[in-house]
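# Secondary and tertiary structure notes
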Amino acid sequence: MIGAIPMTHGLIVAAVLFALGLVGLLVRRNIIYMLMCIEIMLNAAGLAFIVAASRWEQPDGQIMFIIILSTAAAEVAVGLALVLRFYSRFKTLDADIANDMRG
Amino acid sequence: MIAVFYIASVVAIVSTLMVITRMQPVHSLLYLIVSLLAVSLMFFVLGAPFIAALEVIVYAGAIMVLFVFVIMMLNLGREAAEQERRWIDISMWKGPVILALVLLALMIHVLHGGNPGAASGRVVSPKEMSIALFGPYLMVVELASILLLAGLVGAYHLARRDTDNKEQKRS
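Throughout, residues of each chain are indexed from 1 in the direction in which the sequence is written. As they are written, the chains are lettered A onward and the ligands numbered 1 onward, keeping that order. For this predicted model, a pLDDT threshold of at least 70 governs which residues receive local features, and a threshold of 80 or more governs which side-chain atom pairs are given and counted, while totals over whole chains, interfaces and linings are taken from all residues. With hydrogens and water set aside, each side-chain value is computed from the structure's full complement of heavy atoms.

### Re the overall build of chain A
The test is simple: The helix and strand labels rest on DSSP assignments: H or I over at least four residues marks a helix, E over at least two residues marks a strand, and numbering proceeds from the N terminus. In this description the radius of gyration comes from C-alpha coordinates, and the expected globular size is given by 2.2 Å times residues to the power 0.38. Note on contacts: a residue pair qualifies if any of its non-hydrogen atoms lie within 4.5 Å across the two residues. Here the Shrake-Rupley method, with its probe set to 1.4 Å, supplies the accessible areas, and only the displayed protein chains count as covering residues. When charges are tallied, Lys and Arg are placed among the positive residues and Asp and Glu among the negative ones, while His and the ends of the chain are skipped. The atoms used to mark charge sites are NZ of Lys, CZ of Arg, CG of Asp and CD of Glu.
Regarding its fold elements, chain A presents three helices and zero strands. The C-alpha atoms of chain A give 17 Å as radius of gyration, which overshoots the globular expectation for 103 residues (13 Å, by more than 25%). If one aligns the C-alpha atoms of chain A with their principal axes, the spans along those axes are about 60 × 25 × 20 Å. Restricting to contacts in chain A with at least 6 residues of sequence separation, those with at least 24 account for 53%. In the structure as shown, chain A presents an accessible area of about 4700 Å², 69% of it carried by carbon and sulfur atoms. Looking at chain A, you have 7 positive and 7 negative side-chain charges, and the mean spots of the two groups are 11 Å apart.

### Brief notes about the environment of Val76(A)
Following the sequence through the fold, Val76(A) ends up in helix α3 (residues 60-90). When the C-alpha positions of Val76(A) and Ile66(A) are compared, they lie 15 Å apart, and in sequence the two are ten residues distant. When neighbours within four sequence positions are excluded, Val76(A) is seen to be in contact with Glu39(A), Ile63(B), Leu66(B) and Phe67(B).

### Observations concerning the interface of chain B and chain A
Counted only if it meets this: Here's the idea: put two parts together, see how much 1.4 Å probe accessible area each one loses, and the total over both is what we call buried area. Salt bridges are identified by distance alone: a Lys or Arg side-chain nitrogen within 4 Å of an Asp or Glu carboxyl oxygen. The definition of a polar contact used here is a pair of N or O atoms within 3.5 Å, where within protein one atom must be able to donate a hydrogen and the other to accept one, and adjacent residues in sequence count solely through side-chain atom pairs.
Across the boundary between the two partners, chain B contributes 60 residues, which contact 57 residues of chain A. The three residues of chain B that bury the most area against chain A are Ile20(B), Tyr59(B) and Leu74(B), which together make up 13% of that side's buried surface. At the surface where chain B touches chain A, the tally comes to zero salt bridges. In this assembly, chain B and chain A are joined by ten residue pairs in polar contact (both at pLDDT 80 or more). Of all the secondary structure elements, the ones that give two or more residues to the side of chain B that touches chain A are α1 (2-19), α2 (25-45), α3 (49-74), α6 (126-133), α7 (138-158) and α8 (161-170) of chain B. For the side of chain B that touches chain A, the element with the highest residue contribution is α3(B), accounting for twelve residues.

### Describing α6(B)
Defined as follows: Each residue's exposure class comes from its accessible area (1.4 Å probe, protein chains only) as a fraction of the maximum for that residue type: buried when under 20%, exposed when over 50%, partly exposed otherwise. Within this analysis, the arc is defined by the directions that extend from the helix axis to the C-beta atoms.
The set of residues buried in α6(B) consists of Met129(B), Ala132(B) and Leu133(B). The arc that holds the buried residues of α6(B), viewed along the axis, is 100°, so those residues lie on one side. Residues Lys127(B) and Ile131(B) are exposed on α6(B) and point more than 90 degrees away from its buried face. Packed against the buried residues of α6(B) are α3 of chain A together with α3 and α7 of chain B.

### Some words on the confidence of the model for chain B
Interpretation of this model should avoid reading the predicted coordinates in detail wherever pLDDT is low. Residue and element names in this part refer to chain B. Just so we agree on the cut-off: A residue's pLDDT is the confidence the predictor assigns to it, expressed on a 0 to 100 scale.
Here chain B shows a mean pLDDT of 83. Residues at 70 or above account for 82%. By mean pLDDT, the top-scoring element of chain B is α7 (92), and the lowest-scoring one is α8 (57). Two summary scores accompany this predicted model of the complex, namely pTM at 0.86 and ipTM at 0.89.

### Side note on the side chain of Arg28(A)
For Arg28(A), the position within the fold is in the loop between α1 (7-27) and α2 (31-56). With a relative accessible area of 11%, Arg28(A) lands in the buried category. Within the local environment of Arg28(A), its side chain forms a polar contact with the backbone oxygen of Arg22(B), the two atoms lying 2.8 Å apart.

What follows is the structure, encoded as structure tokens:
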């Protein structure tokens with residue numbers, strides 16, 4: 001590798017960001033926070049792909065990032081629509097309120 | 001150029017840590033935008049300038065605007081103005097502004113420093129990426145368009161107002 005940044009360091013940063021997003025997803029009960037943490041995790045996965053693309057100097061990793069980007073866009077659109085429905089029904093954003101199903 | 005990568009990653013990790021510890025959603029949105037900008041700077045240093053631009057435009061632009069829009073929609077009412085006055089307090093935007101100024105200094109340094117991909121091996125140009133995207137990866141474009149269409153239809157269906165009223169009448 002010609003570059004000066006070792007691949008491990010980039011992957012460590014990606015792993016730390018992913019772990020922070022996962023911890024936030026598990027700890028926070030507000031639905032908007034959970035969506036934000038999913039965004040953080042998707043972004044960390046994209047960072048790992050870009051680090052790999054920079055390591056092998058090929059465009060394939062960047063294309064994987066574009067897939068992740070469009071997935072995140074679709075996911076956040078549907079997720080925020082669900083948040084609006086959730087709020088209009090339960091008048092709160094606490095995810096634990098919605099743990100029972102009415103069939 | 002190598003130091004830029006490490007400083008940007010420290011900024012990203014610190015602001016992400018602030019995201020998951022704030023209590024107000026708007027505060028953590030500010031920190032989340034700073035985190036995305038820091039990751040974008042890391043992409044730039046890693047030799048992916050087009051992806052860095054996409055990160056700023058799509059993530060920090062479109063997706064964060066959606067979040068702000070929904071948060072503002074959920075806070076309708078009399079107390080919203082008072083709450084907004086509390087949000088726009090100097091003690092809360094001090095942190096994101098400092099982190100963003102660090103990123104600005106890094107960006108000016110990178111732009112003055114000559115070739116963008118000096119910290120990685122080689123800059124993969126947008127042309128090269130587009131040739132790969134519309135050549136062997138053409139199916140990915142089709143799949144992404146189908147996914148975005150499904151997301152559009154799903155979001156429209158879920159956020160429609162009259163289904164909401166019908167369900168409330170039924171229950």
